[in-house]
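What follows is each chain in one-letter form.
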There are 2 protein chains.
Amino acid sequence: MTIDFKSPASDKKLLEQDGPFTPKFDEKGLITTVVTDTNDGQIVMLAYMNAEALALTIETGIAHYYSRSRQELWKKGETSGNLQEVVSMHTDCDQDAVIIEVKMTGDGVACHTGRKSCFYRKVDGIGSSNPTLISEE
Amino acid sequence: MTIDFKSPASDKKLLEQDGPFTPKFDEKGLITTVVTDTNDGQIVMLAYMNAEALALTIETGIAHYYSRSRQELWKKGETSGNLQEVVSMHTDCDQDAVIIEVKMTGDGVACHTGRKSCFYRKVDGIGSSNPTLISEE
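All of the points below concern the structure found in this document.

## A word on the relation of the copies chain A and chain B
- Least-squares fitting of chain A to chain B yields an RMSD of 0.0 Å, with the transformation described by 0.0 Å of translation along the axis and a rotation of 180°. Viewed as a symmetry operation, the transformation between the two copies matches a two-fold axis.
- Taken as a fraction of all interface residues of chain A, those also at the interface in chain B reach 100%, which identifies the copy contact as same-surface.

Shown next as structure tokens:
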């Protein structure tokens, strides 16, 4: 890893301006990442990056994450062939989250269940006290 | 709060099926929420909900969050008038994140900086070791 991310500014106004990317990792050293498909803008997954994964993602243009369950660097698609090529990356006002728009290679699925998106279920029952999950794919 | 969310199943397959919504809150009692604008699908913010905020969001159809900085329930737009009406909610395979598609009322901005989206800056320099933030709005 060659990118040495600087610490976020304590001045909120500086954090919100243009300039160097100073990601704010949480107490576990992670930043939340929302992943969208460049073809249709659909949100396909949500994952986490540590500094190493974020640096590798930026430097190589291929999405890397940190697996919280396996506690290790995770190059998405390394075994499945479904690599994610980064088309663009955005960060939010306090630089504690990123969106990456990706081109999915291989069979174009992001979810381990074999679906394109991990968000394949709708929460039915908004406006009620009995929310139920219903698959849409 | 009237919704009493059941604990997530320990069997991963059950978690991934249709059925009751059993959100998996993290060790702080929070679930990550991605918020999109129903008009154009744009991701406008990322926030967190505790069980109370999630229940109120589902029951009332108006987005409620948990403010980590203020450590309190946060009905988005209560002071600004920019309420978010929930059009749909989706959850992911392990039920530890939700997406809500919202109709933004008031002046239609989600970010405290006055911009529509918190993700107003692009990380320029993908493929390099010198990422820089550039505003797009």
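## Observations concerning the nonpolar core
- By size, the foremost hydrophobic cluster in this structure holds 72 residues, and its most contacted members are Phe21 and Ile100 of chain A together with Phe21 and Ile100 of chain B.
- Among residues more than four places away in sequence, those in contact with Ile100 of chain A are Thr33, Val34, Val35, Thr36, Met49, Ala63, Tyr65, Val86, Ser88 and Met89 of chain A.

## Some thoughts on the pattern of salt bridges
Residues and elements named next belong to chain A.
- Under the definition given, this model contains 12 salt bridges over all chains.
- Between Lys116 and Asp37 there is a salt bridge whose closest N-O contact spans 2.9 Å. In this pair, Lys116 is assigned in the loop between strand 7 (97-104) and strand 8 (121-124) and Asp37 in strand 2 (residues 31-37), connecting sequence segments 79 residues apart.
- One continuous salt-bridge network, built from bridges that share partners, spans Asp37, Asp40 and Lys116.

## Overview of the environment of Cys111 of chain A
- Tracing the sequence through the fold places Cys111 of chain A in the loop between strand 7 and strand 8.
- Sequence spacing of Cys111 of chain A and Val44 of chain A is 67 residues, and the spatial spacing of their C-alpha atoms is 7.5 Å.
- Discounting chain neighbours no more than four positions away, the residues touching Cys111 of chain A are Lys116, Ser117, Cys118 and Tyr120 of chain A together with Cys93 of chain B.

## Remarks on helix 2 (residues 51-60) of chain B
- For helix 2 of chain B, the set of buried residues is Ala53, Leu54, Ala55, Thr57, Ile58 and Glu59 of chain B.
- A positive backbone phi angle near 75° is found at Gly61 of chain B, which sits one or two residues after helix 2 of chain B.

## Some points on the sheet that holds strand 1 (residues 19-20) of chain B
- Reading across the sheet, the seven strands line up as 1(B)-9(A)-8(A)-6(B)-7(B)-2(B)-3(B) and stay open at both edges, with mixed pairing between neighbours. At either margin of the open sheet sits one strand with a lone partner, and together these are strand 1 and strand 3 (43-49) of chain B.
- In this structure, strand 8 of chain A lies alongside strand 9 (residues 132-135) of chain A, joined through four bridges in antiparallel fashion. Paired with Val123 of chain A across the bridge in strand 9 of chain A is Leu133 of chain A.

## Concerning the interface of chain A and chain B
- Across the boundary between the two partners, chain A contributes 55 residues, which contact 55 residues of chain B.
- In total, chain A and chain B occlude about 4500 Å² of area from one another, counting both sides; carbon and sulfur atoms represent 58% of this.
- Between Asp96 of chain A and Arg68 of chain B there is a salt bridge; the shortest N-O distance is 3.1 Å.
- Inspection of the chain A/chain B interface yields 38 residue pairs in polar contact (both at pLDDT 80 or more).
- The dominant element in the side of chain A that touches chain B, judged by the number of residues it contributes, is strand 6 (residues 84-91) of chain A, at five residues.

Conventions and cut-offs
- Residues numbered from 1 in each chain as written.
- Chains lettered and ligands numbered in written order.
- Predicted model: local features only at pLDDT ≥ 70, side-chain atom pairs only at ≥ 80, totals over all residues.
- Heavy atoms only, no water.
- Least-squares fit on C-alpha atoms with pLDDT ≥ 70 in both.
- Contact = heavy atoms within 4.5 Å.
- Core = buried A, V, L, I, M, F, W, Y, C linked by side-chain atoms within 4.5 Å.
- Buried < 20%, exposed > 50% of the residue type's maximum accessible area, 1.4 Å probe, protein only.
- Salt bridge = Lys/Arg side-chain N within 4 Å of Asp/Glu carboxyl O.
- Helix = DSSP H or I, 4+ residues; strand = E, 2+ residues; numbered from the N terminus.
- Pairing = 2+ DSSP bridges.
- Buried area = accessible area lost by both parts, 1.4 Å probe.
- Polar contact = N/O pair within 3.5 Å; in protein donor to acceptor, adjacent residues only side chain to side chain.

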